[in-house]
Amino acid sequence: MSDKKIIAVVGATGAQGGGLVRAILDDPDGGFAVRAITRDVNSDAARAFANAGAEVVAADIDDEASLAAALKGAYGAYFVTFFWSHFSPDKEKAQIRNLAAAAKAAGLKHVIWSTLEDTRQWVPLSDTRMPTLMGEYKVPHFDAKGESNKVFTELGVPTTFLFTSFYWDNLIYFGMGPKKGPDGKLVFTLPMGDRKLAGIAAGDIGKCAYGIFRQGPEYIGQSVGIAGEHLTGKQMADALSAALGQEVGYNAVSPETYRSFGFPGAEDLGNMFQFYHDFEQVFCAARNLDLSRALNPSLQTFDAWLAENGARIPLE
Ligand SMILES: NC(=O)c1ccc[n+]([C@@H]2O[C@H](COP(=O)([O-])OP(=O)(O)OC[C@H]3O[C@@H](n4cnc5c(N)ncnc54)[C@H](OP(=O)(O)O)[C@@H]3O)[C@@H](O)[C@H]2O)c1
């Protein structure tokens, strides 16, 4: 254990971090040990990781000192923030500063920061194609992350900027799966027209991150984008039809309609899908499928993800 490089994982009990914890635990001869960071070392998920051989350490990303202590002695770390637990880009930016500062204080050799585009580089606030939200953002949960990339660079933290993709798991956990229409038929709604969406099985994100840690220094200072497949809404609906054994239609609503759905975050997500749509080429080109598979040879396609998870998609 002692000569292994320790990777500290923020969000270890969640979707992205959990995939990385499992990838490291599943490769005991890979030269890495894992330190799972959680706010509650006594939760069922934390205990399960401890039982499986992970070191489990408490820290909160709102508290830089707790992070610095949790990162001590580690070789590297995986950082992710949790926009949807508070919906505040200002809070997210403060948390990212805490992460970068703690990494610097701990002298980490390799950080992977899970980020997204600052969409304002393509859609400035003056661009009226989509509304400006919260006074200074187009896609708040993207922009706060992208804007903060520079914090790692400014502090001189050796960082790989990992650009993630839309989780297919949102069809299970985020209410984005097909729904029954008034005629009883299933409809998959996405404001994407005929453009492609870069998607991924959430669990594959951590596996790709593990591939980056294994490759090591060549990825420091680099941006790496990952996806399992780039698919249109129609292709996703067809794959859903095959997996669920019943017809799923594709309902390509406009971004305006999506923004008006009224659930918390609908405007943010409506703008996000419009960005995916209007900048399909940019967004998909930044998420290379061959590179993703080279980092993670078990990378799932949408069909493979559906074969494993289709039955868990709520259809009401
Ligand atoms: N959904 C998508 O399609 C998608 C796509 C790309 C990027 N993203 C981004 O992914 C991020 C969320 O990552 P995820 O899906 O892996 O999250 P997640 O599954 O919701 O996991 C959150 C975990 O983080 C921990 N956590 C929450 N607040 C914390 C805090 N203050 N300090 C320390 N740990 C905390 C919690 O663990 P404990 O309770 O054990 O502390 C929890 O298990 C979001 O920022 C989102 O924008 C999402």
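Preceding this paragraph is the structure being described.
Below, the structure is looked at part by part.

Rules and cut-offs
Residues numbered from 1 in each chain as written. Predicted model: local features only at pLDDT ≥ 70, side-chain atom pairs only at ≥ 80, totals over all residues. Heavy atoms only, no water. Pairing = 2+ DSSP bridges. Helix = DSSP H or I, 4+ residues; strand = E, 2+ residues; numbered from the N terminus. Near = heavy atom within 4 Å. Polar contact = N/O pair within 3.5 Å; in protein donor to acceptor, adjacent residues only side chain to side chain. Axes fitted to C-alpha atoms, helices over the stretch in contact; angles between N-to-C directions. Contact = heavy atoms within 4.5 Å. Buried < 20%, exposed > 50% of the residue type's maximum accessible area, 1.4 Å probe, protein only. Parallel < 35°, antiparallel > 145°, perpendicular 65-115°, else oblique. Left-handed = near helix turned anticlockwise from the far one by under 90°.

Focus: the sheet that holds strand β12 (residues 229-232)
Taken in spatial order, the three strands line up as β7-β10-β12 in an open sheet, and their pairing is mixed. Edge strands, defined here as strands with exactly one partner in the open sheet, are β7 (166-167) and β12. Note that strand β10 (residues 196-200) and β12 share four bridges and pair antiparallel. Its bridge partner being in β12, Leu197 is matched across the sheet by Leu231.

Digging into the site of the ligand
In the vicinity of the ligand lie 25 residues, with Thr13, Thr38, Arg39, Thr81 and Tyr167 positioned nearest. In the environment of the ligand, an oxygen atom lies 2.8 Å from a nitrogen or oxygen atom belonging to the backbone of Ala15. At a separation of 2.5 Å, an oxygen atom of the ligand approaches a polar side-chain atom of Thr38. Secondary-structure elements contributing two or more residues to the shell around the ligand are α1 (15-25), α5 (140-155) and β7.

Considerations on unusual backbone geometry
Apart from glycine, the bulk of residues carry a negative phi angle, and the bulk of peptide bonds sit in the trans form. Notably, Phe87 is not glycine yet its phi reads approximately 60°, a positive angle. For Phe87, the position within the fold is in the loop between β4 (76-79) and α4 (89-106). One non-glycine residue, Met134, adopts positive backbone phi at about 55°. Relative to the helices and strands, Met134 is located in the loop between β5 (110-115) and α5.

Some points on the sheet that holds β5
Judged by pairing direction, the sheet is parallel, and its seven strands sit side by side in the order β3-β2-β1-β4-β5-β6-β11 without closing on themselves. Edge positions in the sheet fall to β3 (55-58) and β11 (223-225), since each of these pairs with one other strand and no more. Neighbour to neighbour, the strand axes of the sheet diverge by 20° on average, direction disregarded. α5 rests against β4, β5 and β6 (159-163) of the sheet, and its axis sits at about 165° to β5.

Some thoughts on the environment of Leu269
On the secondary structure map, Leu269 appears in helix α10 (residues 266-278). Take Leu269: its relative accessible area is 3%, and that puts it in the buried class. Residues Leu269 and His141 lie 128 residues apart in sequence; the distance between their C-alpha atoms is 8.8 Å. With residues up to four places along the chain from it excluded, the contact list for Leu269 reads Trp84, His141, Phe174, Met176, Tyr258 and Phe263.

Points about the packing of α1 against helix α7 (residues 202-215)
Put simply, α1 and α7 touch, their axes get as near as 7 Å, and they point 55° apart. Between α1 and α7, the crossing angle belongs to the class labelled oblique. Note that α1 runs across α7; the crossing there is right-handed. Across the interface between the two elements, Ala15, Gln16, Gly19, Leu20, Ala23 and Ile24 from α1 touch Ala202, Gly203, Ile205, Gly206, Lys207, Ala209, Tyr210 and Phe213 from α7.

Read these as spatial facts, not as claims about activity.
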